[in-house]
Amino acid sequence: MKKNQTKQKGPFDYLLEWATPYKSSYIASVATAVIEVVFGVLPFFCVGKIVPMLIDKTPFTFDTYGVWILVAALSWVIHYAFHAVSTTLSHKATFSVIADVRGKMCDKLARMSMGDVLKRPSGEIKNTIMERVDSIETTLAHMVPEITSKAVAPVAIFVFLMVVDWRIGLISLVGIPVGLLCFMGMRIGYDKKFARYVKSGKDLNAVAVEYINGIEVIKTFNQSANSYKKFTDAAYESAHSAIDWMKQTQIFFSLGMSIIPNVLLAVLPATVAFYLDGSMSLANMVLVVLLSFGMLTPVIGIMTFNDDFARIGVIVNEINDILLCDELDRPQNEVQLSDYTIKGEDVHFAYDEKEVLHGVNFTFENGTVNALVGPSGSGKSTIAKLIDSMWDVTSGKITIGGVDVKDIPLTQLNSMIAYVSQDNFLFDETVRENIRKGNPSATDEEVENIAKASGCHDFICQLENGYDTVVGSSGGHLSGGERQRIAIARAMLKNAPIVILDEATAYADPENEAIIQDSVSKLVKGKTLIVVAHRLSTITDSDKILVVSNGNVEAQGTHEELLENCDLYHNLWQAHIGAKDSLEG
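Small disclaimer: the values here were computed from a predicted structure and weren't measured.

Visitor: Describe the nonpolar core, listing the residues and the values that go with them.
Guide: Soluble globular proteins tend to pack their nonpolar side chains together in the buried interior. The biggest cluster of nonpolar side chains holds 44 residues, and the ones touching the most others in it are Val431, Ile435, Ile460, Ile539, Val547 and Tyr569. No other element matches helix α21 (residues 480-494), which puts seven residues into this core. Residues Leu357, Val360, Val532 and Val548 belong to the second largest nonpolar core, which totals 32 residues.

Visitor: Hey, could you go over the confidence of the model for the chain for me, with residue numbers and the actual values?
Guide: Close reading of the predicted structure is inappropriate where its pLDDT is low. Across the chain, the average pLDDT comes to 82, with 90% of residues at or above 70. Confidence, read as mean pLDDT per element, is least for helix α11 (residues 215-220) in the chain (63) and greatest for strand β4 (residues 395-400) (93).

Visitor: Run through the pattern of salt bridges, naming residues and quoting values.
Guide: The full count for this structure, using the stated rule, is 15 salt bridges. Close ionic contact of aspartate 134 with arginine 102 constitutes a salt bridge, the shortest N to O distance being 3.3 Å. In this pair, aspartate 134 is assigned in helix α5 (residues 122-134) and arginine 102 in helix α3 (residues 62-111), connecting sequence segments 32 residues apart. Residue aspartate 468 pairs with arginine 432 through a salt bridge whose shortest N-O separation is 3.4 Å. Of this pair, aspartate 468 sits in the loop between α20 (457-461) and α21 while arginine 432 sits in helix α18 (residues 431-436), and the two are 36 residues apart along the sequence. On the basis of relative accessibility, which here comes to 45%, the residue aspartate 468 falls in the partly exposed class. Taking relative accessible area as the criterion, arginine 432 reaches 11% and is therefore assigned buried. One network of salt bridges, with partners in common, ties together Lys108, Arg111 and Glu327.

Visitor: Got a sec to walk through the packing of α5 against helix α10 (residues 190-213)? Specific residues and values, please.
Guide: One way to put it is that α5 packs onto α10 with a least axis distance of 8 Å and a crossing angle of 125°. Classified by the angle between their axes, α5 and α10 sit oblique to one another. Viewed along their axes, α5 and α10 form a crossing whose handedness is right-handed. Across from Ser122, Gly123, Glu124, Lys126, Asn127 and Arg132 in α5, the residues of α10 making contact are Val198, Lys202, Asn205, Ala206 and Val209.

Visitor: Quick rundown of the environment of aspartate 388? Include the residues and the values.
Guide: Position of aspartate 388 among the secondary structure elements: in the loop between α16 (380-387) and β4. C-alpha separation for the pair aspartate 388 and leucine 413, spaced 25 residues apart in sequence, amounts to 7.6 Å.

Visitor: Explain the environment of leucine 16 to me, using residue names and the numbers behind them.
Guide: Of note, leucine 16 is situated in helix α1 (residues 11-19). Residues leucine 16 and leucine 140, spaced 124 residues apart in sequence, show a C-alpha to C-alpha distance of 9.2 Å.

Visitor: Outline the pairing of strand β7 (residues 498-502), supporting the account with residue identities and numerical values.
Guide: Of all the five residues making up β7, five are buried; the element is thus mostly covered by neighbouring parts of the structure. Burial along β7 is two-sided: Ile498, Ile500 and Asp502 and Val499 and Leu501, pointing in opposite directions, are all buried. Here five bridges tie strand β6 (residues 417-421) to β7, and the two strands are oriented parallel to one another. In the strand pairing of β7, tyrosine 419 is matched with isoleucine 500. When β7 meets strand β8 (residues 528-532), the two strands line up parallel, connected through five bridges. Across the sheet, the residue bridging to aspartate 502 is valine 532, located in β8.

Visitor: I'd like a description of empty space enclosed by the protein, backed by residues and values.
Guide: Empty space among the atoms can be located by rolling a probe the size of a water molecule over them. According to the stated counting rule, one finds three cavities of 30 Å³ or more in the structure shown. In this structure, the largest cavity is lined by Ala33, Glu36, His83, Ser86, Thr87, Ser90, Ala141, Pro145, Glu146, Ser149 and Lys150. Broken down by secondary-structure element, the contributors of at least two residues to the lining of the largest cavity are α2 (23-55), α3 and α6 (136-150). The residue makeup of the lining of the largest cavity, split by class, is three nonpolar, five polar and three charged.

Criteria and thresholds
Residues numbered from 1 in each chain as written. Predicted model: local features only at pLDDT ≥ 70, side-chain atom pairs only at ≥ 80, totals over all residues. Heavy atoms only, no water. Core = buried A, V, L, I, M, F, W, Y, C linked by side-chain atoms within 4.5 Å. Buried < 20%, exposed > 50% of the residue type's maximum accessible area, 1.4 Å probe, protein only. Helix = DSSP H or I, 4+ residues; strand = E, 2+ residues; numbered from the N terminus. pLDDT = per-residue confidence, 0-100. Salt bridge = Lys/Arg side-chain N within 4 Å of Asp/Glu carboxyl O. Axes fitted to C-alpha atoms, helices over the stretch in contact; angles between N-to-C directions. Parallel < 35°, antiparallel > 145°, perpendicular 65-115°, else oblique. Left-handed = near helix turned anticlockwise from the far one by under 90°. Contact = heavy atoms within 4.5 Å. Pairing = 2+ DSSP bridges. 1 Å grid on protein atoms, 1.4 Å probe; cavity = no way out; pocket = protein on both sides within 12 Å on 5 of 7 lines; lining within 4 Å. Points joined across faces, edges and corners; volume = space filled by probe spheres on them. Nonpolar A, V, L, I, M, F, W, Y, C, P; charged D, E, K, R; others polar.

Here is the structure:
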């Protein structure tokens, strides 16, 4: 397992790293946003010039009023034009960043061990890849250009006020310390509250997925009330984590939003006083008051990002919980294999802290048929999955063609192993496209030929639209046996030199199981086949059978040898024959 050695960085460092390929777009977005704000403030300056002329009853001419009206109008047009350009640039770049991050997360999941993936609820993974990654849109598309640009206007107006009258400049800052104290009040217990909000959201997603996937079992065993209560409890907690948080911060938020933007509350009385005592002209008084209004909109715009700014750390951490996770350490360059003989040497493996394989040894010769049998939970499927490199062994090694699987690139390993489990996943596409997943370049004729060879052509033709029938989410429109047969056809189309069937006929009835066994035996000639089986009658012709018990290989040999020399295998065979006779009787 490759440990992630990335030096811990802050959330904004990661955002900057993800956005670096689109740096020029963000720079252009900030530049146009600054221009937007400048032209957004300019009309206030124009009005400041017009009002004194109105008070003095100056006659209307283009040189007096007209020029300032025209400048104000053009400023608003330019303001909105640059706003559109800035927003377009930032959003285009941000959606590209979001696509890149999602792509990296999906690539990462493929490089992670299956154990690390499976221990995460599917609802949680979906929530992180979709909702959490989407959440960075506000930061990159809005906060980066808007906060940067909106900070320019208040600073520029403050400098102008200081030039007009330094007293007014200082007075305009009076509300800031008080407002900031209010916003600091919103931060009380922030980490704990946001952690509750995030956790409740994850729990709701996980429970929702569980409820939908398990609806058949829930109805069958009359557990609707209990399961629905579990869902409603999760929904209630998710809603109230936000409601309770809002109640506790509303007073601080309202005060802050009322005090900070209202520069006029302090500026207006002061300017009137200064005008009355003769230290400020009427023109300057009107100009200062109007420019104070110009400070409000940018400040309010900045303040609306307060919550987004605070929670970005949690969002980035959730994304990095996948991106920075340990991954399977594999080389990039393909290696040369002598053949496809598979060997396990002193293989130990543990799920978390519990060891389930205790130094097993095995050899599956190139081009032979091999089987793994034993009681449930003995470690059969674990051995198969370790060969497929879904996990890394804890110690010992597994080799293919004399090369440790850890030294084989994942792409090369995946191309030479076809793995079919009892829980076969089908995509919500047509039967034809699901089979074609085994070889995307296969023609329609090749797809149909492999379906015929795999013994599933007849039932496919009986479907509503034949090969063009959409199978539904996870293949839900098909029976378990039909899904397995399509999955086997998909694996056979891959034409990989190593085939692993992990209880691949578990859902098939005896008649179809015989058809599948006959088809598979023809298709895997010359390949290295490994079958994990409970139905021992399906593997009696295997070249080698490994009997696995409690994480150890108890015996190995042919069917006849094991019946004579292995008590466990003999007992398993008798139990299987007895159960088979009972069903037939």
